[in-house]
Amino acid sequence: MPTTPVTESGDRSHGVMAVESVAQLSTVLEDTDPTLDPALGRIARQAAAEGVVLLRNDGRVLPLAHATVAVFGRVQLDWFAVGYGSGGDVKVPYVWNLVAGLRDAGVAVDGELAELYRRWCSEHPPELTGTWGQWPHHFPEMPLSAEVAAAAATRAEVAVVVIGRAAGEARDSLREPGSFELTAAERTMLDTVTAAFARTVVVLDAGNVMDLSWIADYGHRISGVLYAWQGGMEGARAVAAVLAGEIPASGKLTDTIAWSYDDYPSSANFGGRDVNVYAEDIFVGYRYFETFAPDRVQFPFGFGLGYTDFEIDPRVVQADDVAIEFSIGVRNVGTAPGKETVQVYATAPGVALSQPARVLAAFHKTGLLAPGESERVTLRVLFDELASYDDAGATGHPHAWVLEAGDYLFHVGTDVRSAATVATVTRDALRVVRQVSEAAAPVHDFSRMRVDRDDEGRARVGWEPVPRATVDRKGRIASELPPATAVTGDLGIRLDDVDEGTATLDAFVAQLDVTELADLARGDVTMHSPLGAAGNAGVLGGVTASLRDKGIRPVTTTDGPSGIRLSAYASLLPSGTALASTWNLPLVTELTALHGQEMIRKGSDVLLSPGMNIHRDPLCGRNFEYFSEDPLVTGRMAAAVVRGVQSQGVAACPKHFAANNQETNRTRNDSRVSERALREIYLRGFELCVREARPLALMTSYNQVNGVWAHYHHDLVTVILRGEWGYEGCVITDWWMEDATDPDFPALANNAYRVRAQVDVLMPGGVKTDDGPQAYADDTIVQSVAVPGGLTVGELQRGARNVLGLVRALRPVIDARTQERVG
Ligand code: BGC
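Residues numbered from 1 in each chain as written. Predicted model: local features only at pLDDT ≥ 70, side-chain atom pairs only at ≥ 80, totals over all residues. Heavy atoms only, no water.

Before we go on, may I ask you to explain the nonpolar core in this structure?
General note: in soluble globular proteins, nonpolar side chains tend to be found buried as a group. Membership of the largest hydrophobic core comes to 186 residues, with the highest contact counts inside it found for F72 and W214. The residues that make up this core include at least three from each of domain 1 (12-264) and domain 2 (300-443). Beyond its immediate stretch of four places on either side in the chain, W214 contacts I163, L182, R187, L190, V202, L204 and I222. With 54 residues, the next largest nonpolar core counts A521, V606, Y712 and W735 among its residues. (Core = buried A, V, L, I, M, F, W, Y, C linked by side-chain atoms within 4.5 Å. Buried < 20%, exposed > 50% of the residue type's maximum accessible area, 1.4 Å probe, protein only. Domains from an automatic or database assignment. Contact = heavy atoms within 4.5 Å.)

Rendered as structure tokens:
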């Protein structure tokens, strides 16, 4: 069941309870989830509200103050609280719609029009097919006559028009009316309403970026525009609070909104069935627009208005070879309270390496500042974090992170475009920040974007051949195979003995025979495993009696980014883009800590979250689950989520590692991307998250990266993730995987191929055939160990140690749950 819009009548026709007032909420919760922590609802509402981005506010039409509003568009009731698929399909205990939210916020809503929509919506309920990946992107709009709009204009001063979209897993958004574009009926609605009202506010209830070029057609007749994203069960109420001014608007875009889809540099290649060439290279989102096409931007990255004005006073307090530190005064010089997000951007010299005009280097959101109040924000940027990856040896240092000599410019402001240049630091010599080795480089030729300059020094798009892989993969892997510990057979050591310090982990692992090791390398054979809470996504760890006898607890995994997906009711929280648009890291950690507590109440040990792929293209169906086009925002947000969840003793599992940027043919598509773009854009967020927050688990992606499926990718998982970043956690597959044989080691197929890469666990664990998932595991691992050149026991033991690290970290939570059940 996708979490779906609801009718205002409070019925459960779509399986979701619509609440109409706070008073009604407690009654609803008695029926659905009496265990729900009110604090979680409160913080979810705050987060959803802080994620709302105010794009336009002509004549200060907002906040609504005492105006009566006429609300148009069926989405006022049939609210899209979240997108579809595993990132949305939560059994939500209740959902607000916008009309109820507005009334809750004390806004006078034109009742006659609201009643018209209520009747029409209940007579024309949204058609929701149950087919995975085939849910509608929009719902047909109620036809609106000029008379109805004109009559409403006699009763209300301001019109609010609500437009909604959803997208989701297994299907990308479409460049069509009803998906990325407006439908004819929506256009007519806007024409009709703006003809009748002098002031119209548009609310966009959409998880993904959609075309907004039409706003310009209406001039000042569209006075206000709010991008609400999808804020979960409290989302509509949060938007209403922002419209009413109860919570000030403070969200900022984490993506560039361009004038047209064709303006996005990925658009030429996005959506290919088998191959997706990342020709734009590092020039993703604002990195492209600010460098090459600033006039193609409708709303810049980092942009968002508030209900007050701020004065920004940036000062450089210290600058040396290591870092630059800013002290930024933020003063509320307006008449309403508000929060502001200060952003620091950097420009690297770009001598041998092409560089974007601006790259986000740091950000901070202030607390709530009353008129006249100010806050001083300290932001420190380490030069090493601005390093670029030289994949071609252009600086003379191939496969190194380098800082080129030259001028580094720093810009401070409240969006990428308007940030003012406040400092220049000259570095006299090139610095090699980190020497690594080539990994996951392209195996096919293609051209990538670079910066060329015209006679006046202006940046122009140029192209160059991408450097191709040169590493001897077979030799690299063969030289790194781990030694095995001699298998002892069962000596009676239990995992608890390791925890209590009376035995070593190595001694424990040495007891496991090949079958047990192979069982540790897969989850229980089906989703909804009987070993975990009903409706779980899968269970790993103690999946057989012999493993459990040795004290290995079964570990329950559940989706996901917007809520705990089980048969039981669980909170539906703001989706990734909504959270990121808050730019408020402590708030996100506070929310996800409460989410972690809810996991404990519901019996989830591992949350398959955060989703953290880069918004490379606005049509990617799962963008709503992810944070941003920018890797710094992505990495810091993901770290904030992981910290919150893991502060409660449960685990987070960032996903999908890596370059899973489209849904079309997602399990077969090959993301062809330069090593530089991979490392600076698509892996950078993961790197930040892993280094800063140490997630206990991590999920690979379905797609291929330069010709190798991510779940078989030794370079990605062993060389980069574990080798370079020092990751010691448990790596799991996305649900099932594609069959393949290791091209360099033909004795390794499927699960054996995967274990060699250090992708520790197949999830769920059973075989998937053309007829669908089967409730049995294959024996490729056991077979491979038995043949010359096959998987080694040492590799299986290494994987077992990774899995047991996760099981041991979760033991207190799992044991407490078991005790409770027994008690
Ligand atoms: C999705 C994952 C999800 C998993 C389990 C897959 O289809 O890609 O993000 O965690 O299912 O539901």
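So what exactly am I meant to see when it comes to the domain arrangement of the protein chain here?
Domain parsing of the protein chain yields domain 1 (12-264) and domain 2 (300-443). Put simply, the middle of domain 1 and the middle of domain 2, counted by C-alpha atoms, are 34 Å apart. Counting residues at the interface gives 23 residues for domain 1 and 19 residues for domain 2. Interface of domain 1 and domain 2: buried area, both sides summed, is about 1600 Å²; carbon and sulfur atoms make up 49% of it. (Buried area = accessible area lost by both parts, 1.4 Å probe.)

Explain the pattern of salt bridges to me, please; I cannot follow it from the model alone.
Oppositely charged side chains may form a pair once their charged atoms are brought near each other. The tally for this structure, following the rule as stated, stands at 69 salt bridges. Measuring nitrogen to oxygen at the nearest pair gives 2.8 Å for the salt bridge that ties E290 to R417. A residue pair is termed long-range when its members are at least 10 positions apart, and E290 in helix α8 (residues 286-292) and R417 in the loop between β19 (406-413) and β20 (420-427) qualify at 127 residues. Ionic pairing is found between R431 and D384, a salt bridge with its closest N-O pair at 2.8 Å. (Salt bridge = Lys/Arg side-chain N within 4 Å of Asp/Glu carboxyl O. Helix = DSSP H or I, 4+ residues; strand = E, 2+ residues; numbered from the N terminus.)

Any chance you could explain helix α19 (residues 714-724) here in plain terms?
Residues lying three or four places apart along an α-helix face the same way, a consequence of the helix completing one turn every 3.6 residues. Of all 11 residues making up α19, 10 are buried, and the element is well covered by its neighbours. Buried residues of α19: H714, D715, L716, V717, T718, V719, I720, L721, R722 and E724, and no others. Positive phi appears at G726, one or two residues downstream of α19, with a value of about 70°.

Looking at this structure, how should I read the sheet that holds strand β31 (residues 708-709)?
For sheets, the rule is that strands pair by backbone hydrogen bonds, running either parallel or antiparallel. The strand order across the open sheet formed by 4 strands is β10-β28-β30-β31, and the pairing between neighbours is mixed. In this open sheet, the two edge strands, each paired with only one partner strand, are β10 (275-277) and β31. Direction of pairing for strand β30 (residues 704-705) relative to β31: antiparallel, over a ladder of 2 bridges. The residue of β31 that forms the bridge with V705 is V708. (Pairing = 2+ DSSP bridges.)

Would you mind showing me how to read the confidence of the model for the protein chain here?
Any segment with low pLDDT has predicted coordinates that should not be analysed in fine detail. Chain-level statistics for the protein chain give a pLDDT mean of 96 and a share of 98% at 70 or above. Of all the helices and strands in the protein chain, strand β1 (residues 18-19) carries the lowest mean pLDDT, 84, while strand β29 (residues 697-699) carries the highest, 99. Every residue in residues 1-14 is under pLDDT 50, and counting partners more than four places away or in other chains gives 58 contacts. (pLDDT = per-residue confidence, 0-100.)

Hey, could you run me through the site of the ligand in this one?
The environment of the ligand is formed by 14 residues, the closest being E169, D559, R622, H656 and D734. Here D734 contributes a side-chain N or O atom positioned 2.6 Å from an oxygen atom of the ligand. Look at the ligand: alone it shows 310 Å² of surface, and the protein chains cover 96% of it. In terms of residue class, the shell around the ligand is built from 5 nonpolar, 2 polar and 7 charged. (Near = heavy atom within 4 Å. Polar contact = N/O pair within 3.5 Å; in protein donor to acceptor, adjacent residues only side chain to side chain. Areas by Shrake-Rupley, 256 points an atom, 1.4 Å probe, with all protein chains shown as cover. Nonpolar A, V, L, I, M, F, W, Y, C, P; charged D, E, K, R; others polar.)

It is not clear to me how the pairing of strand β13 (residues 323-332) should be interpreted in this structure. Could you clarify?
Regular strands place side chains that alternate from one sheet face to the opposite one. Taken across its 10 residues, β13 has 8 buried, putting it largely inside the fold. Summarising the sheet, strand β12 (residues 310-319) and β13 pair through 9 bridges and their orientation is antiparallel. Residue pairing in the sheet places V316 in a bridge with F326 of β13. The antiparallel pairing of β12 with β13 creates a hairpin that spans 3 residues between the two strands. In terms of strand pairing, β13 meets strand β16 (residues 374-382) through 9 bridges, oriented antiparallel. The partner of V330 across the bridge, within β16, is E375.

What is the right way to look at the sheet that holds β20 in this model?
The strand order across the open sheet built from 4 strands is β15-β14-β19-β20, with neighbouring strands paired in antiparallel fashion. Among the strands making up the open sheet, the edge pair consists of β15 (359-365) and β20. This sheet shows a mean twist of 20° between the axes of neighbouring strands, independent of strand direction. Pairing of strand β14 (residues 341-347) with β15 involves 6 bridges; the strand directions are antiparallel. From the neighbouring strand, T341 faces β15, where its bridge partner is K365. (Axes fitted to C-alpha atoms, helices over the stretch in contact; angles between N-to-C directions.)

It is not clear to me how the environment of L116 should be interpreted in this structure. Could you clarify?
Looking at where L116 falls in the secondary structure, it is placed in helix α4 (residues 111-123). What makes L116 partly exposed here is its relative accessible area of 27%. Sequence-wise, L116 and F72 are 44 residues apart; in three dimensions their C-alpha atoms are separated by 10.0 Å. Filtering out sequence-adjacent residues up to four positions away, L116 remains in contact with M142 and V148.

What should I look at first to understand the environment of G457 in this one?
You can see G457 is positioned in the loop between β22 (447-453) and β23 (459-465). Look at G457 and you get partly exposed, because its relative accessible area is 34%. Residues G457 and V90 lie 367 residues apart in sequence; the distance between their C-alpha atoms is 53 Å.

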